[in-house]
Amino acid sequence: MTRLAFISDIHSNFEALQSVLNDIEKRQIDRIYCLGDLVGYGPNPNEVIGLIKEKNIVTVMGNYDDAVGYEKESCGCSYNPGRETEVGDESLNWTIKVTTPENKEFLRNLPKRLSIEVEGVKVLLVHGSPLNYLLEYVKPTTNAERLKILTKDVEEDVIINGHTHLMMAKHVFGKTVLNPGSVGRTKDGIPGATYLILNIDNGVFWYEFIHVKYDVKKVVEEIVRVGLPIELGTVLTLGGTFDMGPGKFVGKEEKKFLI
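Residues numbered from 1 in each chain as written. Predicted model: local features only at pLDDT ≥ 70, side-chain atom pairs only at ≥ 80, totals over all residues. Heavy atoms only, no water.

A. Local environment of the overall build of the protein chain. When helices and strands are counted, the protein chain shows eight helices and 12 strands. The principal-axis extent of the C-alpha atoms belonging to the protein chain is close to 50 × 40 × 30 Å. Taken across its 259 residues, the protein chain has 55% of its residues classed as buried. Long-range contacts, defined here as pairs at least 24 residues apart, represent 69% of the contacts in the protein chain between residues at least 6 apart. (Helix = DSSP H or I, 4+ residues; strand = E, 2+ residues; numbered from the N terminus. Buried < 20%, exposed > 50% of the residue type's maximum accessible area, 1.4 Å probe, protein only. Contact = heavy atoms within 4.5 Å.)

B. Layout of a nonpolar patch on the surface. Taken together, the side chains of M1, V204 and W206 make up a nonpolar region of the molecular surface, amounting to roughly 310 Å² of accessible area. When you line up the elements, M1 lands in the segment before strand 1 (2-7). Note on M1: relative accessible area 52%, which makes it exposed. (Patch = residues over 30% accessible without salt bridge, like charges linked within 9 Å, V, L, I, M, F, W, Y side chains within 5 Å. Areas by Shrake-Rupley, 256 points an atom, 1.4 Å probe, with all protein chains shown as cover. Salt bridge = Lys/Arg side-chain N within 4 Å of Asp/Glu carboxyl O.)

C. Examining the environment of K55 more closely. Assignment of secondary structure puts K55 in the loop between helix 2 (45-54) and strand 3 (58-59). K55 sits 153 residues away from E208 along the chain, and the two C-alpha atoms are 22 Å apart.

D. Highlighting the state of the cysteines. In the structure shown here, the tally under the stated rule is one disulfide. At a sulfur-sulfur separation of 2.2 Å, the disulfide partner of C75 is C77. The same class applies to C75 and to C77, which are both buried. Here C34 is not disulfide-linked; the sulfur of C77 is the nearest cysteine sulfur, at 16 Å. (Disulfide = S-S within 2.5 Å.)

E. Layout of the environment of I52. Residue placement: I52 occurs in helix 2. By relative accessible area, which is 1% here, I52 ends up buried. Remark: the alpha-carbon pair of I52 and C34, spanning 18 residues in sequence, is separated by 8.9 Å. Dropping the residues within four chain positions of it, I52 is found in contact with I7, I10, L17, L38, I57, T59 and F106.

F. Structural context of the packing of aromatic side chains. What the rule picks out here adds up to three aromatic pairs. Taking the centre distance of 5.6 Å and the plane angle of 20 degrees together, the rings of F6 and Y33 count as stacked. Note that F6 is positioned in strand 1 and Y33 in strand 2 (residues 31-34), a separation of 27 residues in sequence. The same class applies to F6 and to Y33, which are both buried. Residue placement shows K139 over the ring face of Y137; its charged tip is 5.6 Å from the ring centre. Between the NZ or CZ atom of R185 and the centre of the ring of Y41, over which it lies, the distance is 3.8 Å. (Phe/Tyr/Trp six-rings, centres within 6.5 Å; stacked < 30°, edge-to-face > 60°. Lys NZ or Arg CZ within 6 Å of the ring centre and 35° of its normal.)

G. View of helix 6 (residues 144-151). Of the residues making up helix 6, those classed as buried are L147, L150 and T151. The buried residues of helix 6 occupy an angular sector of 85 degrees when projected down its axis, which confines them to one face. Sitting at the amino-terminal end of helix 6 is N143, which places a side-chain oxygen 3.2 Å from the backbone nitrogen of E145. (Arc of directions from axis to C-beta. Polar contact = N/O pair within 3.5 Å; in protein donor to acceptor, adjacent residues only side chain to side chain.)

H. A look at the sheet that holds strand 10 (residues 204-212). Here we have five strands laid out as an open sheet, ordered 3-2-1-9-10, and mixed in their pairing. Two strands lie at the open edges of the sheet, namely strand 3 and strand 10, each paired on one side alone. Pairing between strand 2 and strand 3: two bridges, direction parallel. Each bridged residue has a counterpart across the sheet, and for C34 the counterpart in strand 3 is T59. (Pairing = 2+ DSSP bridges.)

I. Fine view of empty space enclosed by the protein. Under the definition given, this model contains two cavities of 30 Å³ or more. What the largest cavity holds in volume is close to 50 Å³. Along its surface, the largest cavity is lined by H11, N13, Y41, G42, G184, R185, I223, L232 and L236. Among the residues making up the lining of the largest cavity, the classes are represented as four nonpolar, four polar and one charged. Lining of the second largest cavity is provided by P130, V138, L147, L150, T151, I159, N161 and V177. It is helix 6 that provides the largest number of residues to the lining of the second largest cavity, a total of three residues. Taken together, the residues of the lining of the second largest cavity sort by class into six nonpolar, two polar and no charged. (1 Å grid on protein atoms, 1.4 Å probe; cavity = no way out; pocket = protein on both sides within 12 Å on 5 of 7 lines; lining within 4 Å. Points joined across faces, edges and corners; volume = space filled by probe spheres on them. Nonpolar A, V, L, I, M, F, W, Y, C, P; charged D, E, K, R; others polar.)

J. Local environment of the packing of helix 1 (residues 14-25) against helix 2. Their axes nearest at 9 Å, the elements helix 1 and helix 2 cross at an angle of 25 degrees. Taken together, the axis directions place helix 1 and helix 2 in an arrangement best described as roughly parallel. Contact with helix 1, carried on its side by F14, L17, Q18 and L21, involves E47, V48, L51 and I52 of helix 2 and no other residues of that element. Classifying every residue of the contact of helix 1 with helix 2 by side-chain character gives six nonpolar, one polar and one charged. (Axes fitted to C-alpha atoms, helices over the stretch in contact; angles between N-to-C directions. Parallel < 35°, antiparallel > 145°, perpendicular 65-115°, else oblique.)

Take a look at the structure:
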């Protein structure tokens, strides 16, 4: 039997990444893969990239990796107009400024898709979707017609993507679509980090979603120390997105994230 761990959307949260990797080490995992977005939002982009390199974790490119690596003006995120957009822009600009040239080169060289085969099971890894590798959100609420379009030409048995920060498991049109959630910026209303384990045994596979606690307070303090917007710390503390409108917290974006 082979046990694979999948992490995603670390977003410069070094504390969360360390805690997740420590948890993975205890579970007899054979290999670790990352679905992208190593950087953005959090205070430690270089440390996160350094640890990914040190552990030789195979990673596909996320939209934030693309934006920082190529020093773009936008990450392509679907922000709400107003303060949320401002915070996103501040985060991107700060991350571009502090990420080293060597690490930007590393981000630019990440593949946009990866196909692996383990014990007869084929797995496709992308950050967004099989048709839009970086930017499409495949959510629990994505309708059946769109899922059919996304999966119909996929040869692999399993599609694993990130980008939404929501854990998800769907079985559609002969394919299994999985999302490990987020290491560094969860949106399920529970502070902490999440990842996915895929067990494969001679053509048969099953999966587990894992939640890991880490020192959120320490990360929030670091966000303040480096001068990033405090709203980024609020998201970590509450485990969800913070609508920059009249104090509305949006947690547990989709209660039925396991379908």
